[in-house]
Amino acid sequence: MRLSNYFLPTLKEDPKEAEIVSHRLMLRAGMIRQQAAGLYSWLPLGYRVLRKIQAIIEQEQARAGAIQMLMPTLQPAELWRESGRYDDYGKEMLRISDRHDRDLLFGPTNEEMITDIFRSYVRSYRELPLNLFHVQWKFRDEIRPRFGTMRSREFLMKDGYSFDIDREAAEKSYHRMFVAYLRTYHRMGLAAIPMRAETGPIGGDLSHEFIVLADTGESGVFCDRNILEKPIPPADTDFEGDLSSIVSDWTSAYAATEDMVDMAEFEARVPAQRRISARGIEVGQIFYFGTKYSTAMNALVTGPDGRDAAVHSGSYGIGLTRLVPALIEAFHDEDGIVWPTSVAPFEVVLLNLKTADEKCSSICDKMYHDLKNAGIDVLYDDTGAGAGSKFATADLVGIPFQLIIGPRGARSGEAEIKNRSTGQRQSVALEQAVPLLQKTIEPERRDRI
Ligand code: ATP
Ligand code: MG
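Residue positions are given per chain, counted from 1 along the sequence in the order it is written. Key to labels: chains lettered from A, ligands numbered from 1, both in the order written. The predicted nature of this model means local features are confined to residues of pLDDT at least 70 and side-chain atom pairs, given and counted, to a pLDDT of 80 or more, with totals for whole chains, interfaces and linings taken over all residues. Note that water and hydrogens are dropped before the side-chain values are worked out from all heavy atoms of the structure.

A. A look at the sheet that holds strand β5 (residues 94-97). The sheet built from three strands is open, its strands ordered β4-β6-β5 with antiparallel pairing. Strand pairing shows two members of the sheet lacking a second neighbour, β4 (74-76) and β5, which therefore form its edges. Adjacent strand axes in the sheet meet at a mean angle of 35°, parallel and antiparallel pairs treated alike. Note on pairing: two strands pair once DSSP finds at least 2 bridges between them. Going along the chain from the N terminus, every DSSP run of H or I of four or more residues is numbered as a helix, and every run of E of two or more is numbered as a strand. Pairing analysis gives four bridges linking β5 to strand β6 (residues 103-106), with the strands arranged antiparallel. Paired with S97 across the bridge in β6 is D103. Fitting a line to C-alpha atoms yields each axis, with helices limited to the stretch in contact; the angle taken between N-to-C directions then spans 0 to 180 degrees.

Right, dumping it as structure tokens:
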């Protein structure tokens, strides 16, 4: 992408409305624009990050055996009257009526709709287990939307739902998602710690929240430092096999949110020097809720014994539009964002330091062509801005590698590669730049982790 043709409305000044660094940087880097309280447009750069996150989530869901689909944002109220949640959900639910005065709502979550789909088609235990997910916009009329897309009213969520014949099978489905989540966040470069959590309006008796530690987080959390050392299950993990040992290894270390923490237990189980008592951002939550919705909505399957029984379910959410600011909270410095390569909007920014210099520009144009051909996501700063301003923008938007070419290098056959995260600069021969970047970036994509 040539910057001269792109839409990257960066801001020089710190926006006053932003209280936390991620919100500030998302506005300054031209990633989002607020349209009303808790409603945001995703501008091109922000949207690229969102899509990279979505691709990682989709790959890891597929690896774990979940099947992608798409449900609408609007839902009929009747389904929610069946489960009893139409009234329970209160003011967070945006209620709408259509021209025929039929009651609709903008979905805050999809347990009811997926249970309706399930009961319409699935009759036998032979069709189980089943895990269906989608990535779709949700609306919750939050009392205090804040911190940009960290807590917005409209937000993008991956929500998945598992269906099993009994509790034992449902726990296996829960384990698959638990492991998939560990891998998903890890591929984004994030340490998201699974913590015992309250089940809230979703209901049920088994739940974990995945929490990224951050001072600006809204949840108080308590955990054993040891959990940060646990191994991430590899890409070739057998998701059809028994994952209980992985889950029990992770859950053996104490980790709970403030709603669930038992201080006496925390202090008894975790030696003082290993106790983390901190703030965190909830980037996902998984629940097992048994037959809560299937009983209320009559979603039955025939078991091997020929009898009908309510299906056992769980639900599994990841907040995509919250992950973007969570990543920035974890990865930034005084100059701007420092994206991990796997979620970066572009992998390389090519800086032409003097577009008026013909030699410099022709070398940069060729380099741009070669980078694209090598399969590298490149943003080419071919604008007439001065070098200082180009460096500042490149640092602000946080692209992991800067390939810098000026008139002097163009003549001596040299370019410079700057690593955004370490700040290290390295001179390379022009013809070595693309192969070197390719070799460096490949493992950082984390495709095979
Ligand atoms: P919170 O406690 O932060 O209000 P929640 O527990 O109500 O969130 P879930 O129903 O568990 O949310 O939704 C799954 C995920 O969706 C959350 O883990 C979070 O990452 C994301 N999410 C929930 N509410 C919002 C919101 N208002 N803005 C952005 N992301 C959200
Ligand atoms: Mg939650």
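B. Spotlight on helix α10 (residues 320-330). For each residue, the accessible area found with a 1.4 Å probe, counting protein chains only, is set against the maximum for its type, and the residue is called buried under 20%, exposed over 50%, and partly exposed in between. Extensive coverage of α10 is indicated by the burial of 10 of its 11 residues. What α10 keeps buried is the set L320, T321, R322, L323, V324, P325, A326, L327, I328 and E329.

C. Structural view of the coordination of the magnesium ion (ligand 2). Bound to the magnesium ion (ligand 2) are the protein donor atoms E282 (OE) and Q285 (OE1), situated 1.9 to 2.2 Å from the metal. The class for E282 is partly exposed, based on a relative accessible area of 24%. Note on Q285: relative accessible area 10%, which makes it buried. Water is not part of the atom set, so a site may look incomplete; the donors themselves are N, O and S atoms within 2.8 Å of the metal, or 3.2 Å for Na, K and Ca.

D. Quick look at the site of ligand 1. Near is defined per residue: the residue qualifies when any heavy atom it owns lies within 4 Å of the molecule or strand. By nearness alone, 14 residues border ligand 1, and E142, R151, S152, E282 and R322 come closest of all. Any pair of nitrogen or oxygen atoms within 3.5 Å is treated as a polar contact; in protein, a donor-acceptor pairing is required on top of that, and neighbouring residues in sequence qualify only through side-chain atoms on both sides. E142 has a polar side-chain atom sitting 2.7 Å from a nitrogen atom of ligand 1. Between ligand 1 and G319, the relevant distance is 3.4 Å, taken from an oxygen atom to a main-chain nitrogen or oxygen of the residue. For the shell around ligand 1, the element with the highest residue contribution is strand β13 (residues 275-290), accounting for four residues. Classification convention: Asp, Glu, Lys, Arg as charged; Ala, Val, Leu, Ile, Met, Phe, Trp, Tyr, Cys, Pro as nonpolar; all other residues, Gly among them, as polar. Looking at the shell around ligand 1 residue by residue, the class counts come to four nonpolar, five polar and five charged.

E. Here's a closer look at helix α2 (residues 44-63). Taking 1.5 Å of rise per residue, 20 residues should cover 28 Å, and α2 covers 29 Å from first to last C-alpha, within 8% of that figure. Here α2 has its buried residues at L45, G46, V49, L50, K52, I53, I56, I57, E60 and Q61. Down the axis of α2, the buried side of the element spans an arc of 170°, and every buried residue falls inside it. Opposite the packed face of α2, turned more than 90 degrees from it, sit the exposed residues R51 and A62. Positioned one or two residues after α2, G65 has a phi angle of 90°, which is positive. The span expected for a helix works out to 1.5 Å for each residue beyond the first. Directions pointing from the helix axis toward each C-beta atom define the arc.

F. Seen up close, the environment of L39. Checked against the element boundaries, L39 lands in strand β2 (residues 39-42). The spacing of L39 and L25 is 14 residues in sequence and 17 Å in space, taken between C-alpha atoms. Those residues in contact with L39 that sit more than four places away from it in its chain are R33, Q34, F139, R153 and E154. Pairs of residues are marked as contacts when any of their non-hydrogen atoms sit within 4.5 Å.

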